[in-house]
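Secondary and tertiary structure notes
Chain by chain, the residues run as shown.
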Amino acid sequence: MSLPSIGRVRTRHLQAAKRDGDKITVLTSYDTMTARIFDEAGIDVLLVGDSAANVVYGRDTTVSLTINEMITMARAVAHSAKRSLVVADMTFGSYEASDIDAVHNAMRLMKEAGVAAVKLEGGTRRARTIRALVDAGIPVMGHIGFTPQSIHSLGGTVVQGRGDAAEKLIEDGLAVQEAGAFSVVVEMCPAEVGTRLSEALDIPVIGIGAGNGTDGQVLVWTDPFGFSPDGFAPSFARKYLDLGAQLRVAAGEYARDVREGTFPAADESFDR
């Protein structure tokens, strides 16, 4: 296997994984508890995603998440993961105005949070920004296809790369690669296009709702493990566990025991 079983996963290991045909595993994480669990489970990359706006803060879109909120969460994840490569999302408004802003905010994520890389959305239109970050010594993961920070301009949560738009998606991937990104996420596109993208690019392509032909997969962790705040999970997320239901049952049992006076018991209390 290209990815190390012991020691830190680095960007070069992801490149080796693509070369050797080893699939790359990615999950989001926003706190120390999930970071430790996923790290110990052998997840290769932990993405501190701006999806935290939805699953941590209960907001409708990712647009409102601030760079300071991201730094707080990313610090917890980066300090807790011992093996996984930790990547943090550049939040909306932290990189669009100028390359100077982008470099400044990406450096904050690396210096204040301790992440190993950053991710930002956009293909050809973000190539210059990606290059500026890479030239400043900041590893960059790209993000093309459906880009949640552009949900209003895209007209909602819409599958990208269908029909003639497939060529534009390939063009975006090539532009991200040419700009120096070490990897790229492609979100919500036809499976055939996800496969084509992986075949066209030398860098690893990580899919989310992009079929099984990409070099790896990423999911927002609450979706496959039954912990989405509203109970909804996208169709491309396989359900491995209903953690939310289990936690509700356990919390109800705790509340019952307290109300009935059976908790704490004698062996859960101090004698003197």
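Computed from a predicted model, the values in this text were never measured in an experiment.

Following both chains from N to C, one finds helix α5 (residues 99-113) and helix α6 (residues 127-135) inclined at 45°, their axes separated by 9 Å at the closest point. As judged from the angle between their axes, α5 and α6 are oblique. The interaxial crossing formed by α5 with α6 has right-handed handedness. Judged by residue contacts, Asp99, Ala102, Val103 and Ala106 of α5 engage Arg128, Thr129, Ala132 and Leu133 from α6.

Turning to the UniProt feature "binding site: Mg(2+)" (unreviewed entry) in the protein, a few remarks are in order. The UniProt record marks Asp50, Asp89 and Glu121 with the feature "binding site: Mg(2+)" (unreviewed entry), using the residue numbering of this structure. Considering the C-alpha atoms alone, the annotated residues occupy 72 residues of sequence yet fold into one spot, their largest mutual distance being 10.9 Å. Structurally, aspartate 89 can be placed in strand β3 (residues 85-89). The contact partners of aspartate 89, leaving out residues within four places of it in the chain, are Leu47, Val48, Gly49, Asp50, Met70, Leu109 and Lys119. Along the chain, glutamate 121 falls in the loop between β4 (117-119) and α6. Excluding residues that lie within four positions of it along the chain, glutamate 121 makes contacts with Asp50, Tyr95, Arg126, His143, Thr147, Pro148, Gln149 and Ser150.

Moving on, we come to the packing of α6 against helix α8 (residues 165-179). One can describe the packing of α6 onto α8 by two numbers: an axis separation of 8 Å at closest approach and a directional angle of 25°. Taken together, the axis directions place α6 and α8 in an arrangement best described as roughly parallel. Where α6 crosses over α8, the two elements pack in a sense that is right-handed. Between α6 and α8, the residues in contact are Ala127, Ile130, Arg131 and Val134 and Ala175, Val176, Glu178 and Ala179, respectively. Classifying every residue of the contact of α6 with α8 gives 6 nonpolar, no polar and 2 charged.

All right, on to the UniProt feature "active site" (unreviewed entry) in the protein then. UniProt's feature table lists "active site" (unreviewed entry) at Glu187, given in the numbering used throughout. As for its position among the elements, glutamate 187 is in strand β6 (residues 183-187). Glutamate 187 gets classed as buried once you look at its relative accessible area, which sits at 10%. Contacts of glutamate 187, omitting those with residues within four sequence positions, involve His143, Ile144, Gly145, Phe146, Pro148 and Ile208.

Leu14, Val48, Val87, Leu109, Val118, Leu133 and Val186 are the most contacted members of the largest nonpolar core, which has 74 residues in total. Leaving out residues up to four positions away in the same chain, valine 48 has contacts with Ser29, Met70, Met73, Ala74, Val77, Val86, Val87, Ala88 and Asp89.

Attention now moves to the pattern of salt bridges. Applying the stated rule across the entire model yields 12 salt bridges. For aspartate 172, the salt bridge is made with lysine 168, and the minimal N-O distance between the two is 2.7 Å. Of the two residues, aspartate 172 and lysine 168 are both situated in helix α8; the distance of 4 residues between them amounts to about one turn of the helix. Owing to a relative accessible area of 9%, aspartate 172 belongs among the buried residues under this scheme. When its relative accessible area of 39% is taken as the criterion, lysine 168 is described as partly exposed. A salt bridge links lysine 239 to aspartate 242; its shortest N-O distance comes to 3.6 Å. On the basis of relative accessible area, aspartate 242 is assigned to the partly exposed category, the value being 32%.

Thresholds applied
Residues numbered from 1 in each chain as written. Predicted model: local features only at pLDDT ≥ 70, side-chain atom pairs only at ≥ 80, totals over all residues. Heavy atoms only, no water. Axes fitted to C-alpha atoms, helices over the stretch in contact; angles between N-to-C directions. Helix = DSSP H or I, 4+ residues; strand = E, 2+ residues; numbered from the N terminus. Parallel < 35°, antiparallel > 145°, perpendicular 65-115°, else oblique. Left-handed = near helix turned anticlockwise from the far one by under 90°. Contact = heavy atoms within 4.5 Å. UniProt positions renumbered as here; feature names shortened; annotations may be inferred. Nonpolar A, V, L, I, M, F, W, Y, C, P; charged D, E, K, R; others polar. Buried < 20%, exposed > 50% of the residue type's maximum accessible area, 1.4 Å probe, protein only. Core = buried A, V, L, I, M, F, W, Y, C linked by side-chain atoms within 4.5 Å. Salt bridge = Lys/Arg side-chain N within 4 Å of Asp/Glu carboxyl O.

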